[in-house]
Amino acid sequence: LEQQLQAPARLPSCRAAAMKGMKAITSRVRKPHIGKRRMKFYITCHDINLDLRHPHGELYLVWKRGAKVVKTKPVRANEVLSPVDLSLKVTASFANQDMALLCTIFMDTETSTYEHKMCEFVLREVSAQGDRQLASILIDLSKYASISTTRNDLEMPLPADGSVGTLRLTLVSRWLKNYTASDDSPSVLSGVTDLSSAGTAADPSASAMMGAGPDPDPSSAALGPSDGQLDGASPQVGGRTIQERAIESEWAAHLAMDHYRSAESSAAAAEEVSGLKEELGAAVAENARLQAEVRRLQGVVSKVSNPNAVALAEHATELELKLSRAERERADVEERIAQAFTSVIVDLERQIDALQSEVRGGGGAPPGGPGRASPAMVGTRAGQGGSRFFRRGMMR
């Protein structure tokens, strides 16, 4: 009877548990992203430094996005007194601590824009009184998302008015094109990498695929949390979760593919450079030719701009015109003279023909006796000689 009486009292607690389970299930249901492309980005923070307004004890930085939380190791703030103006400079440097975060960003396929992906940086202080928050700031990771790897130097006031200080860091964003792992767990490759122990913390297989020797790009250093400062429980293997080891191996393969593509792009760039050199040689030759033409034109312009040269050219042109007019006048005079002599010659020829007709009609010797030409005959012969002379002159 007592159990039956107490049974209804358990109903509210069962109902609360069922509601809690339903909330957990609905929280895991993905939001619809129609017309959007799901893209995975591996985002890292390097060279993290703080400039503070006032002295503080030990500080650490928290990077949060949703359920994912990344923390650095606490560091002590450095206080330096300037000998010039006696001002106190307070700084903190998270040396050899790089924070990494794997996040999903959706891109609109029509506009090629990314959805907002907000995250928060929180500065906290560890003191004898306890752990307290000093300042925080929100940033949008979609601003730094791109198909190609981007590297941005950020300077952010803490908080927005900068009353606590300034946070400086380098944010590197890389698109994981071939990533297929699930992003449901909050412990998916979100941690702090200690570069001082990166050589021993990295996966041996990943190191072999990435190649020996230091990598000049800090974003390609050993990935994943090596100090275990990662919120959320997950099976550990060798100080790291199994999921983290798989992602590190996949990331190493991704880097190897990037190196191969960079080698191919270098060969293509070399060919393009050789082609550009040939084009440059042709352009230099064309430039030399154009410069010679410019010098020639400048000489012409200088001659034209000289007043003496212009006056001389005008005088020469005037003389040429006068000579041309004189030549035309001389030709006209010669033509009139030739016409006058032509009419005289025609009259003389008519007289000669008439005298010859009279001589033939008389049937005897000409006046003056035999063997002696008459005056009329002499005139006729003279007329014939003159006629021949003028005809030759006209022909010439």
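Conventions and cut-offs
- Residues numbered from 1 in each chain as written.
- Predicted model: local features only at pLDDT ≥ 70, side-chain atom pairs only at ≥ 80, totals over all residues.
- Heavy atoms only, no water.
- Helix = DSSP H or I, 4+ residues; strand = E, 2+ residues; numbered from the N terminus.
- Buried < 20%, exposed > 50% of the residue type's maximum accessible area, 1.4 Å probe, protein only.
- Contact = heavy atoms within 4.5 Å.
- Areas by Shrake-Rupley, 256 points an atom, 1.4 Å probe, with all protein chains shown as cover.
- pLDDT = per-residue confidence, 0-100.
- Polar contact = N/O pair within 3.5 Å; in protein donor to acceptor, adjacent residues only side chain to side chain.
- Salt bridge = Lys/Arg side-chain N within 4 Å of Asp/Glu carboxyl O.
- Patch = residues over 30% accessible without salt bridge, like charges linked within 9 Å, V, L, I, M, F, W, Y side chains within 5 Å.
- Pairing = 2+ DSSP bridges.
- Core = buried A, V, L, I, M, F, W, Y, C linked by side-chain atoms within 4.5 Å.

To continue, consider the overall build of the chain. Each helix and strand counted, the chain has 6 helices and 14 strands in total. By residue count, 28% of the 396 residues in the chain fall in the buried class. Of all intrachain contacts in the chain linking residues separated by at least 6 positions in sequence, the fraction that spans at least 24 positions is 70%. When the accessible surface of the chain is summed, it comes to about 25600 Å², and 58% of that surface belongs to carbon and sulfur atoms.

This part is about the confidence of the model for the chain. Interpretation of this model should avoid reading the predicted coordinates in detail wherever pLDDT is low. Per-residue pLDDT for the chain has a mean of 74; in total, 65% of the residues score no lower than 70. In this model residues 182-189 is a low-confidence stretch, pLDDT under 50, and it forms 34 contacts with partners more than four residues away in sequence or in other chains. Contacts from residues 195-239, a stretch scored under 50 in pLDDT, to residues over four places away or in other chains number 78 contacts.

Let us now look at the side chain of His-56. Here His-56 is to be found in the loop between strand 1 (36-52) and strand 2 (58-65). On the accessibility criterion, His-56 (18% relative accessible area) is buried. A distance of 3.4 Å separates a polar side-chain atom of His-56 from the backbone oxygen of His-54. A distance of 3.5 Å separates a polar atom in the side chain of His-56 from a polar atom in the side chain of Glu-125. Those residues within four positions of His-56 in sequence are excluded, and the remaining contacts are Ala-77, Glu-79, Glu-125, Arg-132 and Leu-134.

All right, on to the pattern of salt bridges then. Pairing between side chains of opposite charge can happen when their charged atoms approach one another. For the structure shown, the criterion picks out 12 salt bridges. Salt-bridge contacts for Arg-132 lead to Glu-125; the nearest nitrogen and oxygen are separated by 2.9 Å. A residue is classified by how much of its surface remains accessible, and Glu-125, at 6% relative accessible area, is buried. Here Glu-286 and Arg-289 are joined by a salt bridge, their closest N and O atoms 2.6 Å apart. With Glu-286 and Arg-289 both in helix 4 (residues 242-305), this residue pair falls 3 residues apart, about one helical turn. Under the relative-accessibility criterion, Glu-286 is labelled partly exposed at 36%. One salt-bridge network, in which partners are shared between bridges, spans Asp-51, Glu-155 and Arg-168.

Turning our attention to a nonpolar patch on the surface. On the surface, a cluster of nonpolar side chains totalling about 310 Å² of accessible area is made up of Leu-81, Leu-86 and Leu-88. The residue Leu-81 is located in strand 5 (residues 78-81) in this model. Relative accessible area serves as the criterion here: at 52%, Leu-81 is assigned to the exposed category.

What follows deals with the pairing of strand 7 (residues 97-108). Regular strands show a simple pattern: their side chains alternate between the two faces of the sheet. Within strand 7, 12 of the 12 residues are buried, which leaves the element mostly enclosed by the surrounding structure. Taken together, the 10 bridges between strand 1 and strand 7 define a ladder with antiparallel strand orientation. Paired with Arg-38 across the strands is Phe-106, a residue of strand 7.

Residue Pro-159 follows Leu-158 across a cis peptide bond; omega there is -15 degrees. On the secondary structure map, Pro-159 appears in the loop between strand 10 (150-158) and strand 11 (165-176). The phi torsion at Asp-47 lies on the positive side, around 50 degrees, for a residue other than glycine. Locating Asp-47 in the fold gives a position in strand 1. Among the residues examined, Asp-47 registers a relative accessible area of 48% and is labelled partly exposed. Positive phi, normally seen in glycine, also occurs at Asn-96, with a value near 60 degrees. Note on placement: Asn-96 falls in the loop between strand 6 (88-94) and strand 7. The exposure class of Asn-96 is partly exposed, given its relative accessible area of 43%.

Looking at soluble globular proteins, one finds that nonpolar side chains tend to be buried together. Ranked by size, the top nonpolar core spans 40 residues in total, and within it Trp-63 and Phe-121 carry the most contacts. When contributions to this core are tallied by element, the ones reaching two or more residues are strand 1, strand 2, strand 6, strand 7, strand 8 (118-127), strand 9 (130-140), strand 10 and strand 11. With 7 residues, strand 1 is the largest single contributor of residues to this core. Among the nonpolar cores identified, the runner-up in size contains 7 residues, and Tyr-42, Leu-102, Leu-176 and Trp-251 belong to it.

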